[in-house]
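Read off the chains here:
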Amino acid sequence: AKLGRGLDRHVPMRAVFDHPTVAGLAAWLAAQEATTLPTIPMLARDERAPLSLMQQRIWYIEQLHPGRTVYNVPSAHRLRGALDRDALARAFAEMIRRQPVLRTTIGMHEGEPFQQVHDQQVHDTLDATLRFEDLTGIAADAREAELALRMEDEIAMPFDLARGPLFRACLYRLGDQEHVMFFMAHHAIWDGWSFDLFYTEMAALYDDARHGLDPTLALPPVSYADFSAWHREWMAGPELTRQLDHWRRKLEGAPEALALPVDKPRPATQSGHGDTAWLRVPADTADALREFAQREGSTLFTVLLSAWALLLHQLSGQRDLVIGTPVRGRNLPELESVMGFFVNALPLRLQLDPDAGFRSLLQTARHEMIDAIGCQDVPFEHLVRVLSSAVEGVRRDTSRFPIYQSFFSYQDARQRPCRWGDLAHANVPVFQPAAAQDLALWFLDGADGLVGGLNYNTDILIADTATLLVERYLAMLDRLVDALAQQSHDVPLRALLSMTPAETARLSSWNAGTHGASWWRRRPSCSTSGRP
């Protein structure tokens, strides 16, 4: 986006991958016609801001299912060192002042929802301060458990979109030199990129406040409300038609559902209940996969996604898969520093050939991802409505998430600041007992390595199954790394699909006794999975 703005050229993501050298990209750019990239005008102060197209989807779901916490987006970070509480509170207050979306609730006018951006004196209208809780009165060996319980209580508490505030923040004191900062926002005003911005800006604002300086960060050039009004108008033009046509063609004839083998009968309506099985990819494995991706002109994201698709193929027996993935939705340079709900979900359709090699699957995933990024602006819920009426076989089913039931997310957070002044700063995993899809695999690539989790729908799957899937996925990555180290040619997909040693031992134990027969009698009918 910055390159396009500087050269008055439209530079799609595909051009960067198709021309991976500076000389090649320069030659391609020289052959392109000059174009005027869109700019976002600022709303008049008295102009009512509409909900963004992404917010509207969340708001509709909230009206249908009020009080759910599936769209609560939590984060927690451990701060070690001599913390200046007053400076941190001033930095937090400045953050609310500079990012209007943190002062936003959803109001109603003549039956239509809109973004109600409150006055900058937010403390007079909303209870939006940084709370402080001292846990040092609790026995030292029980503090971490108490911290986890308190954060779980925060996550389980729904937001009121009309009253606000649409975020909660608390600083927990665990000792003189150790604190945990918890922050959670409703998805209607927040996304993953907003977290990156939040922690980067808090580091700078805290450092200024600690030294008694005025904030040195420039204000964002536009607000989320400005973007919402502009985006609605822009998407009403020919660009919407072009992108919708792409998705109609891409998803025509796609499978209606992922045929997972399930542990429990699927309920008629999704409850949103979920759990997470955590995982960590060892540093040497992650480095080897990253190097392999670079040699193939691809990314670690695509390697991990390809392995996920292969596991889903193994589970379902399906060769045609649709996997959802988030895209950050900030296509213009002026949106880089704006917090808000920009993220959109893209359905990636991957068709596997079990007789092919991993490199072939990787190139398929790479192509599909680049292709999807070029048509990323259609809000997912709008896409669902259009496809429900335009594509045979795509219809609303309240027991499943529409279009795809598996998700994959990777966030590169290696550039997040690891220090706030004199404070060491590290991510704390937080638990969210909710699930939108049947299975969602996510990774955070940070200073402390590649960590992640498998979020699963507890209506149909149990914890042991999720743990087994995590083990199987990690074993697949290990096999891939071993195979790449031993041979230069392609790695057959079938070579990556064998059982793990733990599975083999478990099966042998069952076959040797009566457990297998009794388990099979107790297991629900396989018809609940949609498979024969």
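Residues numbered from 1 in each chain as written. Predicted model: local features only at pLDDT ≥ 70, side-chain atom pairs only at ≥ 80, totals over all residues. Heavy atoms only, no water.

Visitor: Whenever I open this one, helix α12 (residues 358-373) confuses me. Can you help?
Guide: Residues lying three or four places apart along an α-helix face the same way, a consequence of the helix completing one turn every 3.6 residues. Here α12 spans 22 Å end to end across 16 residues, near enough to the 22 Å set by a 1.5 Å rise per residue. Here α12 has its buried residues at F358, R359, L361, L362, A365, R366, E368, M369, I370, A372 and I373. (Helix = DSSP H or I, 4+ residues; strand = E, 2+ residues; numbered from the N terminus. Expected span 1.5 Å × (residues − 1). Buried < 20%, exposed > 50% of the residue type's maximum accessible area, 1.4 Å probe, protein only.)

Visitor: Sorry if this is basic, but what is going on with the packing of helix α10 (residues 283-295) against helix α14 (residues 463-486) here?
Guide: Two numbers describe a pair of packed helices, the interaxial angle and the distance between the axes. Viewed as axis vectors pointing N to C, α10 and α14 meet at an angle of 60°, and their least axial separation amounts to 10 Å. Regarding the angle of α10 to α14, the classification is oblique. As α10 runs across α14, the sense of the crossing is left-handed. Contacts from T285, A288, L289 and F292 of α10 reach α14 at L477, D478, L480, V481 and L484. (Axes fitted to C-alpha atoms, helices over the stretch in contact; angles between N-to-C directions. Parallel < 35°, antiparallel > 145°, perpendicular 65-115°, else oblique. Left-handed = near helix turned anticlockwise from the far one by under 90°. Contact = heavy atoms within 4.5 Å.)

Visitor: What should I look at first to understand the pairing of strand β2 (residues 72-80) in this one?
Guide: Residues in a regular strand point their side chains to alternate faces of the sheet. With eight of nine residues buried, β2 is to be regarded as a mostly interior element. Bridge count between β2 and strand β7 (residues 178-186): nine bridges; the pairing is antiparallel. By the bridge assignment, P74 is partnered in β7 with M184. Alignment of β2 against strand β13 (residues 423-428), held across five bridges, turns out to be antiparallel. Residue L79 lies in a different strand from β13, and its bridge partner there is H425. (Pairing = 2+ DSSP bridges.)

Visitor: Would you mind going over unusual backbone geometry with me for this structure?
Guide: For residues other than glycine, phi is negative in most cases, and the peptide bonds are mostly trans. Omega for the bond connecting G164 with P165 falls within 30 degrees of zero, at -5°, which places this linkage in the cis form. Non-glycine residue E110 carries a positive phi angle of around 50°. In this structure, E110 sits in the loop between β3 (104-109) and β4 (112-117). Residue class for E110 comes out exposed when judged on its relative accessible area of 75%.

Visitor: Can you walk me through the environment of G237 in this structure?
Guide: Position of G237 relative to the elements: it lies in the loop between α8 (224-235) and α9 (238-251). Between the C-alpha atoms of G237 and P429, which are 192 residues apart in sequence, the distance is 42 Å.

Visitor: What am I meant to see in the packing of helix α11 (residues 300-316) against α14 here?
Guide: It is at 10 Å that the axes of α11 and α14 come closest, and there the two elements cross at 125°. One way to sum up the angle between α11 and α14 is to call them oblique. Judged by the twist between their axes, the crossing of α11 over α14 is right-handed. In contact with V303, L304, A307, W308, L310, L311, Q314 and L315 of α11, α14 contributes L469, R472, Y473, M476, L477 and L480. Residue composition of the contact of α11 with α14, grouped by class: twelve nonpolar, one polar and one charged. (Nonpolar A, V, L, I, M, F, W, Y, C, P; charged D, E, K, R; others polar.)

Visitor: I'm lost on the pattern of salt bridges in this one. Help?
Guide: Opposite charge on two side chains makes pairing possible when the charged atoms of those side chains draw close. Applying the stated criterion to the full structure yields 27 salt bridges. Measuring nitrogen to oxygen at the nearest pair gives 2.8 Å for the salt bridge that ties R131 to E133. R131 sits in the partly exposed class, given a relative accessible area of 28%. A salt bridge links R494 to D355, with the shortest nitrogen-to-oxygen separation between them at 2.9 Å. Of this pair, R494 sits in the loop between α14 and α15 (501-512) while D355 sits in the loop between β10 (344-351) and α12, placing them 139 residues apart in sequence. Salt bridges here are not isolated pairs; linked through shared partners, they connect R131, E133, E146, R150, E154 and R168. (Salt bridge = Lys/Arg side-chain N within 4 Å of Asp/Glu carboxyl O.)

Visitor: I keep staring at the sheet that holds β2 and nothing clicks. Help me out?
Guide: In any sheet, the strands associate via hydrogen bonds between backbone groups, in a parallel or an antiparallel arrangement. Strand order in this open sheet of six strands is β5-β6-β7-β2-β13-β12, and the pairing throughout is mixed. Two strands in the sheet have a free side with no partner beyond their single neighbour: β5 (131-134) and β12 (419-420). As defined by bridge partners, β12 adjoins β13 across two bridges and the pair is classed as antiparallel. Residue W420 lies in a different strand from β13, and its bridge partner there is L423.

Visitor: Explain the side chain of S298 to me, please; I cannot follow it from the model alone.
Guide: Examined against the element boundaries, S298 turns out to sit in the loop between α10 and α11. When sequence neighbours within four positions are dropped, the list of residues in contact with S298 reads A293, L362 and R366.

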